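Observations on the model geometry
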Amino acid sequence: MAVVTDPQPPARTGPTASPDGGRRRVVAMAVWAAAFVAGWFAIGLPTDPAYAFVWIWAATVAWNSSRPWRSHLRFARDWVPVVLLLAAYNLSRGFADNGATPHAMELIVADRFLLGWATGGEVPTIWLQQHLYRPDVHWWDVLASWVYFSHFVVTLAAAAVLWLRDRTRWAAYMRRWGFLCAAGLVTYFAYPAAPPWWAAQNGLLTEVARISTRGWKAFGMHGAGNLLNAGQIASNPVAAMPSLHTAFALFVVLFFLGATRRRWWPLLLAYPLAMTFTLVYSGEHYMIDVLVGWAYVGITFLVVGLAERWWAARRARSAPASGERAALTDGPAADRAIPAAGPLAGRDAAADPAPVPADR
């Protein structure tokens with residue numbers, strides 16, 4: 001009689017819990033936070049992908065400081081290709097216009113068509129700045145600057161958390177994010193488009209101020225946007241269609257929406273809306289850029305989801321075929337594994353009684 005017993009749990013192979021509990025994590029994160037603030041005032045907020053990666057990697061090391069170094073080096077191994085791709089993406093945007101005159105007038109017409117009924121025929125950027133922009137910095141300017149900055153860290157930070165908790169979901173996240181970046185980059189080359197502040201500088205619109213970083217000055221943080229301002233000067237000004245700022249914000253929210261309780265949905269969905277207000281108000285994007293960016297997010301989830309299901313079905317079809325080939329080439333053991341045909345089929349199996357649990 002075969003006896004079935006409950007399997008014993010495997011022996012713990014990972015590092016044991018630190019005897020000081022969470023105190024070590026608190027101290028490590030405090031040191032990281034102090035270093036981050038010092039770097040913030042000395043260099044600027046981490047808006048460059050490589051610089052942001054260094055801080056995120058340091059945060060994961062501080063959060064799991066009790067883990068062996070090979071675990072932290074594994075994080076760098078998985079993330080270096082991602083950072084290199086992001087850096088290449090940022091550099092390639094600078095060549096999107098190829099010296100051609102960017103599209104601007106049709107974007108102005110599109111915004112007036114979409115929202116001119118509510119803005120008196122004005123582009124939404126001009127209407128918002130007429131009602132909200134003042135020489136003095138107000139609280140909404142501060143909020144807009146922080147929302148704008150979040151674009152450079154939220155997507156990376158969410159990916160880092162996924163890497164720590166579930167690398168399978170991290171891989172799914174990175175596939176969608178990579179597809180979204182690639183789709184945006186292709187569009188930049190195929191359809192170079194200029195933002196509202198560029199159109200105003202070239203006489204296509206009335207005066208538009210580029211004010212995405214002015215909010216930090218209210219707290220005396222004049223150097224907070226050093227890296228961001230330098231990146232804006234060096235970046236391509238005609239890579240505005242679609243708006244990947246709003247696309248990234250919506251992408252992160254939608255990826256985690258299904259695993260979040262519905263009572264938190266309004267708070268999560270407020271983030272891409274806040275990003276939309278920030279970009280339109282600060283002169284960085286038109287509303288049509290935002291809508292196209294949202295459409296790209298929907299296309300990304302659809303295309304990558306279909307590709308993943310196709311790949312899973314393909315692997316499922318190939319697995320039984322490979323198993324049958326292995327059974328046929330295993331010799332006498334394989335012959336015994338093939339069930340006999342006819343009235344005696346399954347007789348040997350029936351002769352062997354079912355296993356009896358140990359407690360019986």
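To start, this report covers the structure provided alongside it. Only a predicted model underlies this, so the values are computations on that prediction, with no experimental measurement involved. (Residues numbered from 1 in each chain as written. Predicted model: local features only at pLDDT ≥ 70, side-chain atom pairs only at ≥ 80, totals over all residues. Heavy atoms only, no water.)

1. Quick look at the overall build of the protein chain
Across its full length, the protein chain carries 15 helices and two strands. For the protein chain, with 360 residues in total, the buried portion stands at 40%. Considering only contacts in the protein chain between residues 6 or more positions apart, those separated by 24 or more positions represent 79%. As displayed, the protein chain offers around 20800 Å² of accessible surface, 65% of which is attributable to carbon and sulfur atoms. (Helix = DSSP H or I, 4+ residues; strand = E, 2+ residues; numbered from the N terminus. Buried < 20%, exposed > 50% of the residue type's maximum accessible area, 1.4 Å probe, protein only. Contact = heavy atoms within 4.5 Å. Areas by Shrake-Rupley, 256 points an atom, 1.4 Å probe, with all protein chains shown as cover.)

2. Topic: the packing of helix H1 (residues 23–42) against helix H2 (residues 49–63)
Pairs of packed helices are described in terms of their axes, by the angle between the two and the distance that separates them. Closest axis-to-axis distance for the H1/H2 pair is 8 Å, and the angle between their directions is 160°. With respect to their mutual orientation, H1 and H2 come out roughly antiparallel. Every pair of crossing elements has a handedness; the one defined by H1 and H2 is right-handed. Packed against H1, whose contacting residues are Arg25, Ala28, Met29, Trp32, Ala35, Phe36 and Gly39, the element H2 presents Tyr51, Trp55, Ala58, Ala59, Ala62 and Trp63 at the interface. Among the residues making up the contact of H1 with H2, the classes are represented as 11 nonpolar, one polar and one charged. (Axes fitted to C-alpha atoms, helices over the stretch in contact; angles between N-to-C directions. Parallel < 35°, antiparallel > 145°, perpendicular 65-115°, else oblique. Left-handed = near helix turned anticlockwise from the far one by under 90°. Nonpolar A, V, L, I, M, F, W, Y, C, P; charged D, E, K, R; others polar.)

3. Points about the pattern of salt bridges
One pass over the structure, following the stated rule, counts three salt bridges. Ionic pairing is found between arginine 175 and glutamate 308, a salt bridge with its closest N-O pair at 2.8 Å. Remark: glutamate 308 occurs in helix H13 (residues 287–328) and arginine 175 occurs in helix H8 (residues 167–190); sequence separation between them is 133 residues. Here arginine 175 falls in the partly exposed class, since its relative accessible area comes to 42%. A salt bridge links arginine 210 to glutamate 284; its shortest N-O distance comes to 2.9 Å. (Salt bridge = Lys/Arg side-chain N within 4 Å of Asp/Glu carboxyl O.)

4. Quick look at the nonpolar core
Counting 32 residues, the largest nonpolar core has Trp79, Tyr173, Trp177 and Leu180 as the members making the most contacts within it. Among the secondary structure elements, those contributing two or more residues to this core are H2, helix H3 (69–93), helix H7 (154–165), H8, helix H11 (244–257) and H13. Top element by residues in this core is H8. It accounts for eight residues. Grouped together as the second largest cluster of nonpolar side chains are 17 residues, Ala104, Ala110, Ala193 and Trp198 included. (Core = buried A, V, L, I, M, F, W, Y, C linked by side-chain atoms within 4.5 Å.)

Honestly, that's just the spatial picture; any functional story needs more than this.
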